[in-house]
There are 2 protein chains.
Amino acid sequence: MFRSIPNKELSQAGLELRIAAELRAAGLRATAPRRAIVRELLGDTSHPTAQQLFERLEGQLRTLSFATVYNTLRALNDAGHVGRLELGGAARFDPNVEPHHHAICESCGEVRDVPAPKAARAPRLSGFRISRVDHVYRGVCAPCLEAETQTS
Amino acid sequence: MFRSIPNKELSQAGLELRIAAELRAAGLRATAPRRAIVRELLGDTSHPTAQQLFERLEGQLRTLSFATVYNTLRALNDAGHVGRLELGGAARFDPNVEPHHHAICESCGEVRDVPAPKAARAPRLSGFRISRVDHVYRGVCAPCLEAETQTS
DNA sequence: ATGAGTGCAAATGCTTTGCATCCTG
DNA sequence: CAGGATGCAAAGCATTTGCACTCAT
């Protein structure tokens, strides 16, 4: 999402226009709930679940349905405008659709981005046409490692 | 599972003994349902779901509970004796716990193993202690590619 | 014999769907 | 003003859990 948009110094109004344009580019109408969902996910590096997005947005709109959050995220994912991470439990959503990978802390559950190496050479899988590559690194993040050390 | 066991020319009886030994190594009692689950998963390269395993085993045992299949697979996974793949939808289970990766066909859903390169160099993630690396290749498998060509 | 394991059913968690109403393009 | 989108509730899967009974160790 916003692949080609330099969003430094983007005015509030400009951002709103951009959000609407992105939705239409995905073949979706720029309704209030959808704009709010996109606005919230945009720039969120925490890979939130649909539930988390819903909770953050509940106060902002007069009404908001769980189903709308799910349906909108699914539509955006289908259109290739947001990423969807399946790591067990609830799916997590990612505003960054550039090729990159993820590290998940098995202690606190946090998911962090891992840049994809510039020269990402995929293995050749005889006859298999690769369209997407996901790497998932599971382990323990720095803060949790430190917490472990202090306890032991 | 069976990491260190040369299972060529293993007699039927020997295999059964091995299955029981593996279960005990995982801290589990070698009950009839569990033996059947391990026996079925062993040598199955299709990465079946719990549901699929249940269906295949239903006829073989006088009774078998869904819950037992789930609980056993979870226990084996917790003990590191089977792999669990989260690719969206139902989890898939893998008897192979050696480091390797997976390719999933977005057309037919089949999951195939991808060998991990011998010198697998993981990226250094400042402070993050990596315990496991999963690569998922999404795309279209050879048979589905061919089917596509013929239709178009 | 003792406690882990089983089967069954109910509960839980995540996601999708049906439908009447609302609103964008 | 037509068809897409919303909200709500109910349905649908996947998985887990509670509990009385059974069986492996």
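For clarity, every value in this text was computed on a predicted model and none was experimentally measured. Per chain, residue numbering runs from 1 following the sequence as it is written. Working convention: letters from A go to chains and numbers from 1 go to ligands, in the order in which they are written. Local features in a predicted model are, by the rule used here, given only for residues with pLDDT of at least 70; side-chain atom pairs are given and counted only at 80 or more, and totals for whole chains, interfaces and linings are based on all residues. For side-chain calculations, the full set of non-hydrogen atoms in the structure is used, while hydrogens and water are omitted.

Asks: Would you explain the protein's contact with DNA strand D in this entry?
Replies: The nearness test applies per residue and asks whether one of its heavy atoms lies within 4 Å of the molecule or strand. The immediate surroundings of DNA strand D are formed by 21 residues, with Arg29(A), Thr31(A), Arg34(A), Thr63(A) and Tyr70(B) found nearest. By the criterion applied in these results, polar contacts are pairs of N or O atoms within 3.5 Å in which, for protein atoms, one can donate a hydrogen and the other can accept it, and in which residues neighboring in sequence qualify only through two side-chain atoms. In the model, a phosphate oxygen of DNA strand D is placed 2.7 Å from a nitrogen or oxygen of the Thr63(A) main chain. One of the side-chain N or O atoms of Arg24(B) is found 3.2 Å from a phosphate oxygen in DNA strand D. Strands are runs of DSSP state E lasting at least 2 residues, helices are runs of H or I lasting at least 4, and numbering of each runs from the N terminus. Put simply, the parts of the chain that give the surface near DNA strand D at least two residues each are helix H2 (32–41) and helix H4 (66–78) of chain A together with helix H4 (66–78) of chain B. Looking at which element gives the most residues to the surface near DNA strand D, the answer is H4(B), with five residues. For this classification, Asp, Glu, Lys and Arg are treated as charged, while Ala, Val, Leu, Ile, Met, Phe, Trp, Tyr, Cys and Pro are nonpolar and the rest, including Gly, are polar. For the surface near DNA strand D, the residue count by class is ten nonpolar, five polar and six charged.

Asks: Teacher, can you tell me more about the relation of the copies chain A and chain B here?
Replies: One copy of the chain maps onto the second through a rotation about an axis and a displacement along it. The two copies are related by a screw operation: chain A maps onto chain B through 180 degrees of rotation and 0.0 Å of translation along the axis, at an RMSD of 0.0 Å. Those values place the two copies in the arrangement expected of a two-fold rotation axis. Proximity to the rotation axis, assessed at the C-alpha, singles out His135(A) in chain A; its C-alpha lies 2.2 Å from the axis. Our superposition of the copies is a least-squares fit, built on the C-alpha atoms of residues whose pLDDT is at least 70 in both.

Asks: Please clarify how the protein's contact with DNA strand C should be interpreted in this entry.
Replies: What surrounds DNA strand C is a group of 21 residues, the closest being Tyr70(A), Thr31(B), Arg34(B), Thr63(B) and Thr68(B). Taking the atoms of DNA strand C that fall within 4 Å of the protein, sugar and phosphate contribute 71% of them. Within the side chain of Arg29(A), a nitrogen or oxygen atom sits 2.9 Å from a base oxygen of DNA strand C. Residue Thr68(B) places a side-chain N or O atom 2.7 Å away from a phosphate oxygen belonging to DNA strand C. Among the secondary structure elements, those contributing two or more residues to the surface near DNA strand C are H4 of chain A together with helix H2 (32–41) and H4 of chain B.

Asks: Explain the interface of chain A and chain B to me, please; I cannot follow it from the model alone.
Replies: How big an interface is tends to be expressed through the accessible area that disappears when the partners come together. In this analysis, two residues are considered to be in contact whenever any of their non-hydrogen atoms come within 4.5 Å of each other. Taken together, the 31 residues of chain A in the interface contact 31 residues of chain B. Across the chain A/chain B interface, buried area totals approximately 2,700 Å², and carbon plus sulfur atoms make up 53% of it. By convention in these notes, a salt bridge is any Lys or Arg side-chain nitrogen within 4 Å of a carboxyl oxygen on Asp or Glu. For Arg129(B), the salt bridge identified is with Glu148(A), shortest N-O distance 3.6 Å. There are 13 residue pairs in polar contact (both at pLDDT 80 or more) connecting chain A and chain B. For the side of chain A that touches chain B, the secondary-structure elements that each account for two or more residues are strand E3 (100–105), strand E4 (111–115), strand E5 (129–140) and helix H5 (142–151) of chain A. At twelve residues, the largest contribution of residues to the side of chain A that touches chain B is made by E5(A). Taken together, the residues of the side of chain A that touches chain B sort by class into 16 nonpolar, six polar and nine charged. By buried area we mean the combined loss of accessible area, with a 1.4 Å probe, across both parts when two parts are placed together.

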